[in-house]
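Fold and geometry: a report
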Amino acid sequence: MHPGFIKQLCCPFDKKDLTLKVFATDTNNHIIEGLLSCEHCSRYYPIIHGVPIMSPDEYREWSLEAPVVKQWEHKLEGKKLESFRLENNKPERLNS
């Protein structure tokens, strides 16, 4: 995916702008792996082999995406990918 293509995309659910995180590029600086996310609805859309996966939730298969996107969680500054949403990791509470 060409980096300039992000300007043409919006969240398919609420039509808001998307944020791009790039994880891998090729020698021409085209995005091979990355993550598009919507700050408004918290949905994310992975870029896999240069193709943004922007299907509605009902047409996406979490079990197919999970192995790929789980490897990116360490690059997401404390956020976690859960069933097509980018969630904040909540610290566990200790029982008193």
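Heads up: the structure comes first, above all this text.
So, a few notes on the structure that sits alongside this text. All figures in this text were calculated on a predicted structure; none of them were measured in a lab.

Here four strands make up an open sheet; going across it, the order is 1-2-3-4 and the pairing antiparallel. Two strands in the sheet have a free side with no partner beyond their single neighbour: strand 1 (19-25) and strand 4 (51-52). Where strand 3 (residues 44-48) and strand 4 come together, two bridges link them in antiparallel fashion. Residue pairing for strand 4: I47 is matched across the bridge by P52.

The sheet contact formed by strand 1 and strand 2 (residues 31-37) spans six bridges and is antiparallel. Its bridge partner being in strand 2, A24 is matched across the sheet by E33. With antiparallel pairing between neighbouring strands as the criterion, strand 1 and strand 2 make up a hairpin whose turn holds five residues, including N29 at a positive phi of roughly 65 degrees.

Definitions and cut-offs
Residues numbered from 1 in each chain as written. Predicted model: local features only at pLDDT ≥ 70, side-chain atom pairs only at ≥ 80, totals over all residues. Heavy atoms only, no water. Pairing = 2+ DSSP bridges. Helix = DSSP H or I, 4+ residues; strand = E, 2+ residues; numbered from the N terminus.

Functional significance is not addressed by these values, which are geometric in nature.
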